[in-house]
Every structure is written in structure tokens, then in C-alpha cells.
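Each chain is listed here by its residues.
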Amino acid sequence: MAGSDAVWSAQGTTPDAIEAALRQLLIERHAEDDNYVPARVLNMIAFVDREWTGEIANRLSGVGRYHASRLVVLAYEPRRTRLDARVMVASEGKPAPGQLSLLRETVVVELGERHLDDLLTIADPLVVTDLPTLLWAPHGHHDVVTELLALAQSVLVDSLDEPVARDALQRAESLAEQAYVVDLAWLRSTPWRERVAATFDPAPLRRELRTITSVTVRHHPESTVAAMLLAGWLASRLDWKTSPLLNDGTALAGKAHGARQDVTLRLQAAPELLVRGLEDLTVETASGRCMRLSRGQGGLRAHTRDPRGVKREWTIPGASRGESGVLGEGIRQSLLRDPTYMPALQAARTMLP
Amino acid sequence: VSVASGVESQPENPLVEGLERLPVAPTTLVIFGATGDLAKRKLLPALYNLAHEGALPGRFHLVGVSRKEKAHEDYREECEQAIRQFSRRTPDEDVLAALLEDIKYIPGEFDEDSVYTKLEQVLGKFEKDAGEQLNRAFYLSTAPNFFGLIVGKLGEHGLSQHEDAEVRVIIEKPFGTCMAEALELNRQVLSVFEEPQVFRIDHYLGKETVQNMMAFRFANGMFEPLWNRNYIDSVQITAAEDLGIGTRADYYDSAGALRDLIQNHMLQLLCHVAMEPPVSFTAEEVRNEKVKVLQAIPHPTGEDVPEIAVRAQYLAGNSGGEDVPGYLEEDGVPPSSTTETYAALRLEVDNWRWAGVPFYLRTGKRLARKVTEIAVTLKPVPHLAFSQEGSLGVQPNQLVLTLQPNEGVSLRLGAKIPGTRMIIRPVNMEFLYGTAFLSQSPGAYERLITDAMRGDATLFTRNDEVEAQWLICDPIVKAWAQTPGPLATYKAGSQGPQEAELLLREGDHWRAI
């Protein structure tokens, strides 16, 4: 980092002392150069297993400009009895003349099981009042999440992390009753949803949305939830009535009921895939039109067949965001509201086998 | 599908709900002046960044048209170099390859019919391959004297309309160099295209901070009750640059500060400050309100000009610690040039809201610092109970909206100096965009190209806006042309000419640049 980090640390400390240290470091940075200004966008509380703190730090370092302005990492080690803390106030670089340099604050608090009962009183003083707060617990800890939700307006989850699709969808829906859910599994499908929406946006094709006859999604074996959310999105946006899909041994398959006809749904795991997420989406309409999107080099590969049977293929440019890009997008999305996730999630739940 | 008044409307696309990026219809973009500076520095990098983000239409083709003879492959190579050099992010090789793969180039003079015949063929081939009609967007990134010619040729070759698809023309500034030219250009353009097909670029309008002014004014209840002549004393709009004219002597010497910035960008800023809340944020409603502001500004007469306008040229001086030449010593500038490098105006908006409030506009090259800001000074409080002795005094509140470089809003307030005495001094309450948002603003051209391809004209200038802008500036241009010199001067790196003080109403001051 071209800039400098101001660091404070203490063992056997208290939230008050940590908060005072934060304030003091900010005052010192400002005194050093008044073009250092603290970013004030978002608090993020990450509750993580201490042994994985480094891995989480690596993941967060990849999110670039989407870093929360104050990150509070609660690093959990069950047997720990003492509260230790480290505070960093980092700048992106020395301010150029007449330019500002943003300061971002990271607080790492190491705590144990004995602190869990009073976790709110530890985390509360460490977040910036009046800023929205995002909660993330990448290693599970559902009870802790429930406790900390009192501080947060949004919660970051990755439904692909749950090994069982039913548990993942149920968990997301239950969290959504208490906070806005940002689901990384949902965000990975954004480019796919954008392209399907765009494909059917020209006026003559909008009518064909009501005549979709089949949807096939191929996905990584551990990404069934991503496929279900995508199918759930189509079902909820197009008012399809959905019912449980059946596992036919190679895929989850079944029918949804549209206003004009049934829609054949097929969510097929592709064991050869190395990367989590979606691989391929095929949508067919009653006119014989077929639109297929698949992952490709430099963007999604579009394959179409028109009602006369003419086939075409081309690349729609777009860079892969990578997992850190998706995480960064998740942090950014916590400041927005997508009204289509919950209906998609609910539709996906009705399709659970 | 709903049917009303016998007209069948299109069904909604329910898949669009919740998406941040709205779909853009399949489009072929044709850049006239494809090898020019603007194309290389702004348009091609903007297109790459849109491609990187997956924000181009699902079907997108690019055609370059320019005078230089070269093959498609050579042009693709030029595009690649420009993108690598000027893109705001390092290109992803796969995305870059996908974007460049299909670019076509048509060489020729803009008055040659063969250029347009070839263009028709290329456009037709793209559509045949796609199996659908593609929207067409013609971007005129040429010298302004070609605008009318190209538009005329597009019309002659039947390229201004396309069955079952939209055709749009995007026109770079300057839109005329005087009222007569602007009128003539509008006449030429509108004899071929309908107004809704025409997108006149003012890249200032693509800047996030300019767009945010409307959010600032109309999404916050605390400012609008004060936003009138009863509470506001004056408005000062500054667009100062610390740089000189660089390599742009040809353009700049024929334009000058008034045409370069005030006639378009700064009058747009004034409109954003002074406009009434639009009924909705549609292109037509927003532009209707802006036109009303321009129409409320009295057109100066020749006699008014010395009272309301000041021009000046920079002399040699010092900028950023370096000695720099004066304007007349710059490369390519005629030694007898009377082109202004600084212009300041005092305008009034004669309507119910703003009558009597001066709007000061100033712009210049080689000033003390680069800053673009709008400063709104409120009227002083009616009675001061505090002693002014021993303090900087109680100064009127001032709201400053900074567009660059540190985008933000600052409010000057009076506050008590800590101590036993009640002494007041001004303090600033600051809000900085950079500290409050995670997102990076897209480049202005990325936003404007996308909007033009989507047919959203909110951030483009309408024909009546251009004409209303010229009605204000044209008398000044003419008066200055009739009194060619000597011009007032200012030292490079300074605050501007002393003469600018003469524009100010008694008690008003220019803010320090």
C-alpha cells in the first residue's frame, strides 16, 4: 500500500478503549494531513472463526473500492477468555496536493465463547452510528447472526455455502424476515438475468415471454441453489405457478404453469464443471425460438435459433468478476434494494423436491 | 397488451424490474471522425469499459468512418492501442478481443456518396448476420463544419430512418459558433432527423455530480424552501483551469472561453441551479424546465455587454511552480489574437423565484487552480446580537457545490470560537462524495453513449435549449468582435483579471479560486 497505516493494539481491552483508540487514530491522521478524511459509507461486521481470519482478510482485500468504510472483524476462538483488539486506520495513499485521501478503518476483536452472551455490547460501540451496517458470518454461527441482526440492516449470505439446497433457501427466507438479505448466489446470476431480460426486451419479443415452453439450467454440482434461484426468478417475474421438481437421477425436473402453457423446467448438474455457479441457460418459446447463454471467453456466449430454424452464435462481451468481484458487489448491494430476490427465493422454495 | 384510444401499446418487460442496468436494444454505432482525438481518448475507451461491465447491447457492432485510408485490421489495431492507452481500467484481453473482433472501417471523404453506400452495405450485412433489424446510432465526432454535410448525406442515402428500428444521431459540441450557425445547423439536422432522434452532447451533463444537483435540490426538503430571492443573495459559478490551451490552439483560438464553456456547460449548470422542480424526471419535463430558465435570462444588448461581461487573456506567469508562457506565446496562437482565455458574466434570471439575484459566471485558463463549483450565498441575518470585534465577523451562509476536483457540498456556518467571549467565526460543514459512496462513477461518455443508444435524451441538449443559450451569448460574441482589443490581461496562475471585480454588485466578492 502506497499510503500508511496507523495501528493500535491492546490485550485484555474493552469496547470503550477500542472506540477511543479509533477516535484518537483518526484525529492523528487528520493532524498529519487534513486531506485525510474518513470514509463514511457502511459498517461491516464480520463474525469469523479465528483460524480463518487470514483467509477472510484475503477475500476482503480483493474487493477493492467496495471495501466497507469501517470493518469490524469479530474473530471467534471458543476457549479465549480475554478480549484482544487491533485497530488500523489505513489510507489508499498520500494525498496529492489539493486532493483527498480516504481513510478506512478496520477493527479486529478476538473473543471467546464467554463473550457471546454480551456480543451486542461489544459490537455496538464499534460501529459508526447512523451508517448502515452489513453483517457477514461466512462460517455459519447462525445463533450469533440472530443476535447481531439487532445492529444490522442487511446481512450477507452465500446460499451456495449451505450443502443442502432446502436449508439454504429456508435460511435465506428466515433471515429476510429480519433484515435485507444480500445473497452472493443471487448476485452471481446478475449477468445472466440481465441478458435474458435484454434478449426479450425488443417489442416483438416481449410477447414471447408469455409463451416460454422450457427452461434448462446447467450448473456446478454444488450450485443447485443458484439454478433454483434463476428458475425462481423467471417463475416469479412471469407469474408461473410452480410445484416441487423431481430428481430423475440426472437433474431436477418438472413443470411450471404459465398463463398460456406449461413450462418444462430442468436443472441439471454438470459434474465436469470446475467453477461454482451457472454454466448454461436455455430458454425455448412456443414459436420455436431458442435462446441459449453459456459461459465463454470474454463474456457470455449467445446461441440462438429463430422460429425458422436459423442458428446464430456470438459473444456478448463482459469480464468475469471473479469471487472477490462478487463479494465486492455483495457489499455494494447492501446499500441498494432488489425487490425481485424475495419473490425469486419464494418461488425457488416451492420447487424444492 | 393494453389498448387505449385505438393505439396498441407494447407489453411491459417484467424481467427488467430490479435490474440496475436497463437493457439496451441491439445497435450498430457508427463513429464519423473515427481516427480523431475524441474517438481515441474518450469514445473507444468508453465503449471498452461498457463492454468490460457487460453493459453494451447483446448485439453490438462498431463502424469507424474517417478520411484516412486504412484496412479494417489496421483500424482495429488503432482501436486496441487507444483503449490500452486511455481506458480507465486495464483491459481484460478476452473482452478486448471480443469487442474488437468485428469492428469495420470505412475510409473516405464525408461528402463522397461512396462512403454512405459502403456504410449501407456494412450495416445491411450486420443485420443479415444478426437476422434482425439493429438500431443505428451515428456519432458525429468530427470538426463542426462537417455536421451539416454528414447529416445531409445520411438523409440523401435514406439512412435517417430504418424500418422497425431506431436511428439516432449524436452530435458533439460545439453546436454552432454563433446564433446564426446554430440555427442553420438545427435547420439542417431537423430537415433530416426528427428532434427525438437527435442527441446533442454536452459531456458536463454526463458527470455524476451535475446529475446529482437535481437529487440535492429535489430530494432534500431543507434547501428548496430557501431556494429563492428571499433567502439567496447571489450565485457564483466557476469553472477554472490551471492548465493553458496545450495543443488545442487551432480550436481554442477560434472558440475562446465564452464559446468553449459558458455558452454550453456553464449555462447548463445555471439551469440546474435555477430550474423549477420538473413534474417528472423524463427528458422532456427536465428540458422544459431548463429552457424556461434560459428564456428568463434577458438577452443583452450591445450597450449592456461592457456592464455584464468581462474578457481577458493570460500573460506569462507561474503555474504549479513552473514558468509558463502567455497565451500569445503559446504554440499555434497568432501573435495578434484577441481570443479571450477568461470570461466572466453577470446574468439575471427574471422570474418570480430569482428576480434581482445576480448569477455570476466565470471561466478561464491558467488560473490559480482547477476547480468547478457553484457557490450559493445566502442573505445575511437581519440582526446581529454578537460583537463583531476581535473576530472574522459573522459572514452570510454559503453553500458550495463542488463538481471537481473534490466533489461535494460544503456549507459555511457561523460558530462560536471556544472561550469565554461570544466571538463568532465561519466554519465549514462538509460532505464529500468520495467518502460516502462505494461505487466509482462511470465516465461521462460511458453514461452518454448508453443513454443515446437507449434513446434517453435527459442528459442531452434540445434544439430550443441550444437556441436559448445562443440568444444570451450571441450579443456578447458580436459586441466583442466589434471591439477587438486591447483585452484585459491576467497573470498565469492568478485569480484572473482585476476587471472582473467591476461586474460585482456592491458588497459581493469573487470566491478565491
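Refer to the structure presented above.
Fair warning: this is a prediction, and the values are worked out from it, not measured in the lab.

1. Notes on empty space enclosed by the protein
- The full count for this structure, using the stated rule, is 4 cavities of 30 Å³ or more.
- Space inside the largest cavity adds up to approximately 120 Å³.
- As for the largest cavity, its lining consists of 15 residues, and the residues nearest its centre are Lys173(B), Phe175(B), Ile201(B), Asn264(B) and Val466(B).
- Looking at the lining of the largest cavity, the elements with two or more residues in it are β8 (198–201), α8 (249–274) and α13 (463–482) of chain B.
- Secondary structure elements with two or more residues in the lining of the second largest cavity: β9 (180–183) and α6 (184–187) of chain A.
- Top element by residues in the lining of the second largest cavity is β9(A). It accounts for 4 residues.
- Residues that form the lining of the second largest cavity fall into these classes: 6 nonpolar, 1 polar and 2 charged.

2. Some thoughts on the pattern of salt bridges
- Going through the model one piece at a time under the given rule, you end up with 58 salt bridges over all chains.
- Ionic pairing is found between Lys173(B) and Asp260(B), a salt bridge with its closest N-O pair at 3.4 Å. Of this pair, Lys173(B) sits in the loop between β7 (167–171) and α6 (179–192) while Asp260(B) sits in helix α8; the two residues are 87 residues apart in sequence, bridging distant segments of the chain.
- Among the residues examined, Lys173(B) registers a relative accessible area of 22% and is labelled partly exposed.
- Judged by relative accessible area, Asp260(B) falls into the buried class, the value being 5%.
- Here Arg462(B) ties to Glu284(B) by a salt bridge, and the two come within 2.6 Å at their closest N and O atoms. A residue pair is termed long-range when its members are at least 10 positions apart, and Arg462(B) in the loop between β19 (460–461) and α13 and Glu284(B) in helix α9 (residues 283–296) qualify at 178 residues.
- The class of Glu284(B) is partly exposed, set by a relative accessible area of 39%.
- Taken together, the shared-partner salt bridges connect Arg50(A), Glu77(A), Arg80(A), Arg82(A), Asp84(A) and Glu110(A) into one network.

3. Observations concerning the packing of aromatic side chains
- Under the definition given, this model contains 16 aromatic pairs over all chains.
- Between Phe47(A) and Tyr76(A), the aromatic rings sit 5.5 Å apart at their centres with planes inclined by 35 degrees, giving tilted as the arrangement. Residue Phe47(A) is found in strand β3 (residues 43–49), and its partner Tyr76(A) is found in strand β4 (residues 70–76); the two are separated by 29 residues along the sequence.
- The exposure class assigned to Phe47(A) is buried, which follows from its relative accessible area of 0%.
- Tyr76(A) gets classed as buried once you look at its relative accessible area, which sits at 11%.
- Where Phe32(B) meets Phe110(B), the ring centres are 6.0 Å apart and the plane angle is 70 degrees; that geometry is what we call edge-to-face. Highlighted residues: Phe32(B) in strand β3 (residues 27–32) and Phe110(B) in the loop between β5 (104–107) and α4 (113–130), separated in sequence by 78 residues. The burial state of Phe32(B) is the same as that of Phe110(B); both residues are buried.
- An aromatic cluster of three or more residues is present, and its members are Phe32(B), Phe110(B), Tyr116(B), Phe138(B) and Phe146(B).
- Lying across the ring of Tyr36(A), Arg29(A) places its NZ or CZ 4.5 Å from the centre.
- Here the guanidinium or amino end of Lys207(B) rests over the ring plane of Tyr204(B), the centre of that ring lying 5.5 Å away.

Cut-offs applied
- Residues numbered from 1 in each chain as written.
- Chains lettered and ligands numbered in written order.
- Predicted model: local features only at pLDDT ≥ 70, side-chain atom pairs only at ≥ 80, totals over all residues.
- Heavy atoms only, no water.
- 1 Å grid on protein atoms, 1.4 Å probe; cavity = no way out; pocket = protein on both sides within 12 Å on 5 of 7 lines; lining within 4 Å.
- Points joined across faces, edges and corners; volume = space filled by probe spheres on them.
- Helix = DSSP H or I, 4+ residues; strand = E, 2+ residues; numbered from the N terminus.
- Nonpolar A, V, L, I, M, F, W, Y, C, P; charged D, E, K, R; others polar.
- Salt bridge = Lys/Arg side-chain N within 4 Å of Asp/Glu carboxyl O.
- Buried < 20%, exposed > 50% of the residue type's maximum accessible area, 1.4 Å probe, protein only.
- Phe/Tyr/Trp six-rings, centres within 6.5 Å; stacked < 30°, edge-to-face > 60°.
- Lys NZ or Arg CZ within 6 Å of the ring centre and 35° of its normal.

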